[in-house]
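Listed below are the residues making up each chain.
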Amino acid sequence: MRKEQQMAQLLVVAPNATFRNSLRFALEAEGYDVTAMASLAAWDTPSSPFDCSIIDHHALDRGGLEGPRILKAFAPVVLLANSPAHPLAALSFRTLTKPTLGASLSEAVRAAIAARRAT
């Protein structure tokens, strides 16, 4: 495992438990420390302690106008959407079309972590 993966803290937010658990499993298998949640409704911290957030668009769509604020607070965000043209795609670090696991998710997470650490 790479050093940056061992220390990286990831947040996964997906309302669907099966999808959320598969994301968690895949990311933990790569050595990341993963916190997984069904929603961000109970989150009251104005900024994120995570190196990268992976958020299913369904968790944002239910928030209405809160989506842009959430993407900013939890940046960098890898947005998982049904379409690359999701209305919030431009506000995310990267948007991946679901279903996605494997190389595209891994690459997006690594790039997001590197971008965050570069700032």
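Check the entry above for the structure.
Since this is a predicted model, take the numbers as computed values, not measurements.

Draft legend 1. Highlighting the nonpolar core. One finds Leu 10, Leu 27, Ile 54, Val 78 and Val 109 to be the most contacted residues of the largest nonpolar core, which totals 20 residues. Take this core: its biggest share by element is 5 residues, from helix 5 (residues 103–118). Not counting the four nearest positions on each side in its chain, Leu 10 is found in contact with Leu 27, Tyr 32, Asp 33, Val 34, Thr 35, Phe 50, Cys 52, Ile 54, Val 109 and Ile 113. Counting residues in hydrophobic clusters, the runner-up holds 15 residues, among them Ala 59, Ile 70, Leu 71 and Phe 74.

Draft legend 2. Here's a closer look at helix 2 (residues 17–29). For helix 2, built from 13 residues, the straight-helix expectation of 18 Å at 1.5 Å per residue is met to within 8% by its first-to-last C-alpha distance of 18 Å. Here helix 2 has its buried residues at Phe 19, Arg 20, Leu 23 and Leu 27. Across the axial projection of helix 2, the buried residues extend over an arc of 100 degrees, all falling on one side. Turned more than 90 degrees off the buried face of helix 2, the exposed positions are Thr 18, Phe 25 and Ala 29. In this fold, the buried residues of helix 2 make contact with strand 1 (9–13), strand 2 (33–37), strand 3 (52–56), strand 4 (77–81) and helix 5. Backbone geometry just after helix 2 places Gly 31 at a positive phi near 100 degrees.

Draft legend 3. How the structure looks around the environment of Ala 8. Structurally, the position occupied by Ala 8 is in the loop between helix 1 (3–7) and strand 1. Residues Ala 8 and Arg 110, spaced 102 residues apart in sequence, show a C-alpha to C-alpha distance of 9.6 Å. Setting aside chain neighbours within four positions, we find Ala 8 in contact with Tyr 32, Asp 33, Asp 51, Ile 113 and Arg 117.

Draft legend 4. The arrangement of the side chain of Asp 56 in detail. Mapped onto the elements, Asp 56 comes out in strand 3. Engagement of the side chain of Asp 56 in a polar contact is seen with the side chain of Lys 98, the distance being 2.9 Å. With sequence-adjacent residues up to four places away left out, Asp 56 is seen in contact with Val 13, Ala 14, Pro 15, Phe 19, Leu 80 and Lys 98.

Draft legend 5. Seen up close, the pairing of strand 4. Counting buried residues in strand 4 gives 5 out of 5 residues, a clear majority hidden from the surface. Burial along strand 4 is two-sided: the residues Val 77, Leu 79 and Ala 81 and Val 78 and Leu 80 are all buried. As defined by bridge partners, strand 3 adjoins strand 4 across 4 bridges and the pair is classed as parallel. Of the residues in strand 4, the one forming a bridge with Ile 54 is Val 78. Summarising the sheet, strand 4 and strand 5 (residues 94–97) pair through 4 bridges and their orientation is parallel.

Draft legend 6. Quick peek at the sheet that holds strand 5. Strand order in this open sheet of 5 strands is 2-1-3-4-5, and the pairing throughout is parallel. For this open sheet the edge positions go to strand 2 and strand 5, each flanked by a neighbour on one side alone. Strand-to-strand twist across the sheet, computed as the mean angle between neighbouring axes with direction ignored, equals 20 degrees. As judged from the 5 bridges shared by strand 1 and strand 2, these two strands associate in the parallel manner. Among the inter-strand pairings, Val 13 is bridged to a residue of strand 2, identified as Met 37. Against the sheet, helix 2 makes contact with strand 1, strand 2, strand 3 and strand 4, and its axis sits at roughly 175 degrees relative to strand 2, the strand it touches most.

Cut-off values and rules
- Residues numbered from 1 in each chain as written.
- Predicted model: local features only at pLDDT ≥ 70, side-chain atom pairs only at ≥ 80, totals over all residues.
- Heavy atoms only, no water.
- Core = buried A, V, L, I, M, F, W, Y, C linked by side-chain atoms within 4.5 Å.
- Buried < 20%, exposed > 50% of the residue type's maximum accessible area, 1.4 Å probe, protein only.
- Helix = DSSP H or I, 4+ residues; strand = E, 2+ residues; numbered from the N terminus.
- Contact = heavy atoms within 4.5 Å.
- Expected span 1.5 Å × (residues − 1).
- Arc of directions from axis to C-beta.
- Polar contact = N/O pair within 3.5 Å; in protein donor to acceptor, adjacent residues only side chain to side chain.
- Pairing = 2+ DSSP bridges.
- Axes fitted to C-alpha atoms, helices over the stretch in contact; angles between N-to-C directions.

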